[in-house]
Structure formats: structure tokens, C-alpha cells
Amino acid sequence: MDAGVKNTGSITDEEVSVIQDTWRPVYEVKEDAGVAVLVRFFTNTPLAKQYFDHFRDIQDPEEMRQNVQLRKHAVRIMTALNMLVVNLRDGDKVDNIFNQMGKSHALKHKVDPSYFKIVTDVILEVLVEAFPQVFSEMSVQGAWSKLMSIMCSELNKVYTTVGWDSIKNSTEI
């Protein structure tokens, strides 16, 4: 186990390598992969669109796929995930990524953290379906499941640190 991997303690060096290797073909088509994730996420969880002024009222999946703002957000998500994957062996960078992502979603966008688990499940579903040549093995899916679980856990910790319950309660009044 690499000592630099603070927040990914349950991910072995071998799993880090598997995650990084299987990520390459996904990141090569990051926009299309990200759009597939978001369209599935918003189709399955339409209430999540409430946080997005530019496409909250779009119902049709094809119209969602063509929406410029949705496509830009898809690239932002995939770029953030890329930063995480590339830096898995650097605990300080991983901490920084989780902190930035968590604080932005909690303080600026006020996104309910329950959506993290849903979207990470969708990411895994889409990766397995869209990239069967690299994501069909159970060991690959297991490594990615660990990473997604850690991501949810770490983002929830950031939400706790910034006082999400107080923020959430002040916006409900």
C-alpha cells in the first residue's frame, strides 16, 4: 500500500493501477462519457436537475444530450474525476480535490449530498455498459466501486466540516 494514499486506504496499489489503466479509454471520450452519465442521472433522478438553471426543464434525453450547458458540465465532471484518478497516489492532492469539490457543492451550489451516491452508481453503470472491453471484469468493477464509495464518504466528511446541516436548514426556511 502506498503511504501517500491517505483517503484511499482501502484501495491497494494494484487497484490504483487498474483504475488508472481502465480510465484512459474513458477520458479519451470524456465529453460523450460524461454526457451519458448526466443524461442517465437526470433521467433516473429528475429532481436533481433543480440545481441547473440551463437545463432543469428539459425532459427529453436527446434534447439533454444536445444541451451546451449540460455538455460543459459533463466535461467538468470528467475532468475532476480525471484529476482524482491521476493523483490517486498523492494523498494531499486527493484531499484537495475532495475539499474543493465538497465545498463547492455544499457552499456555492447547495447540492444535497445524497446525490453523490446516486451519481457515483450511475457512473459505474455507464462505464460497465459503455466500455465493456475494460470494465467487464469483476476486479475492475470492485476497484472502481471502492473509489466511488471513498469519494462519497470523503465528500460527506467535507459537508460535515462546513456545517451542511446548518446550511441546509437555513435554506429551507
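Keep in mind that what you see is a predicted model, and the values were worked out from it rather than measured. (Residues numbered from 1 in each chain as written. Predicted model: local features only at pLDDT ≥ 70, side-chain atom pairs only at ≥ 80, totals over all residues. Heavy atoms only, no water.)

A. Region of interest: the packing of helix α6 (residues 114-130) against helix α8 (residues 138-161). Relative to each other, α6 and α8 sit at 160°, their axes nearing to 10 Å. The orientation of α6 relative to α8 falls into the category roughly antiparallel. Handedness of the α6/α8 crossing: right-handed. Mapping the contact onto sequence places Phe116, Lys117, Thr120, Ile123, Leu124, Leu127 and Val128 in α6 and Gln141, Trp144, Ser145, Met148, Met151, Cys152, Leu155 and Tyr159 in α8. (Axes fitted to C-alpha atoms, helices over the stretch in contact; angles between N-to-C directions. Helix = DSSP H or I, 4+ residues; strand = E, 2+ residues; numbered from the N terminus. Parallel < 35°, antiparallel > 145°, perpendicular 65-115°, else oblique. Left-handed = near helix turned anticlockwise from the far one by under 90°. Contact = heavy atoms within 4.5 Å.)

B. Up close: the layout of surface pockets. Within this model, the largest pocket holds a volume of roughly 890 Å³. Lining the largest pocket are 32 residues; nearest its centre among them are His73, Arg76, Ile77, Met101 and His105. At the level of elements, α2 (30-44), α4 (68-86), α5 (91-108), α6 and α8 are the ones that each hand at least two residues to the lining of the largest pocket. Top element by residues in the lining of the largest pocket is α4. It accounts for nine residues. Residues that form the lining of the largest pocket fall into these classes: 21 nonpolar, nine polar and two charged. (1 Å grid on protein atoms, 1.4 Å probe; cavity = no way out; pocket = protein on both sides within 12 Å on 5 of 7 lines; lining within 4 Å. Points joined across faces, edges and corners; volume = space filled by probe spheres on them. Nonpolar A, V, L, I, M, F, W, Y, C, P; charged D, E, K, R; others polar.)

C. The arrangement of the packing of α5 against α8 in detail. One can describe the packing of α5 onto α8 by two numbers: an axis separation of 9 Å at closest approach and a directional angle of 60°. Taken together, the axes of α5 and α8 lie oblique to each other. For the element pair α5 and α8, the recorded crossing hand is right-handed. Along the contact surface, α5 presents Phe98, Asn99, Met101, Gly102, Lys103, His105 and Ala106, while α8 presents Ile150, Met151, Glu154, Leu155, Val158 and Tyr159. Here the contact of α5 with α8 is built from residues that sort into eight nonpolar, three polar and two charged.

D. Structural context of the side chain of Thr22. Within the secondary structure layout, Thr22 lies in helix α1 (residues 13-28). Polar contacts involving the side chain of Thr22 include one to the main-chain carbonyl oxygen of Ile19, which spans 3.2 Å. Reaching out from Thr22, the side chain makes a polar contact with the side chain of Trp144 at a distance of 2.8 Å. In this view, Thr22 contacts Val134, Phe135, Val140 and Trp144; residues no more than four positions away in its chain are not counted. (Polar contact = N/O pair within 3.5 Å; in protein donor to acceptor, adjacent residues only side chain to side chain.)

E. Looking closely at the confidence of the model for the protein chain. With 92% of its residues at a pLDDT of at least 70, the protein chain reaches an overall mean of 92. Taking the mean pLDDT of every element in the protein chain, the minimum, 73, falls on helix α9 (residues 164-172) and the maximum, 98, on α2. Note on residues 1-5: pLDDT is under 50 here. Beyond four places in sequence and across chains, it has 13 contacts. (pLDDT = per-residue confidence, 0-100.)

F. Focus on the environment of Ile123. Relative to the helices and strands, Ile123 resides in helix α6. When the C-alpha atoms of Ile123 and Ser145 are compared, they prove to be 9.9 Å apart, with 22 residues separating the residues in sequence. Residue contacts for Ile123: discarding those within four places in its chain leaves Val37, Leu81 and Met148.

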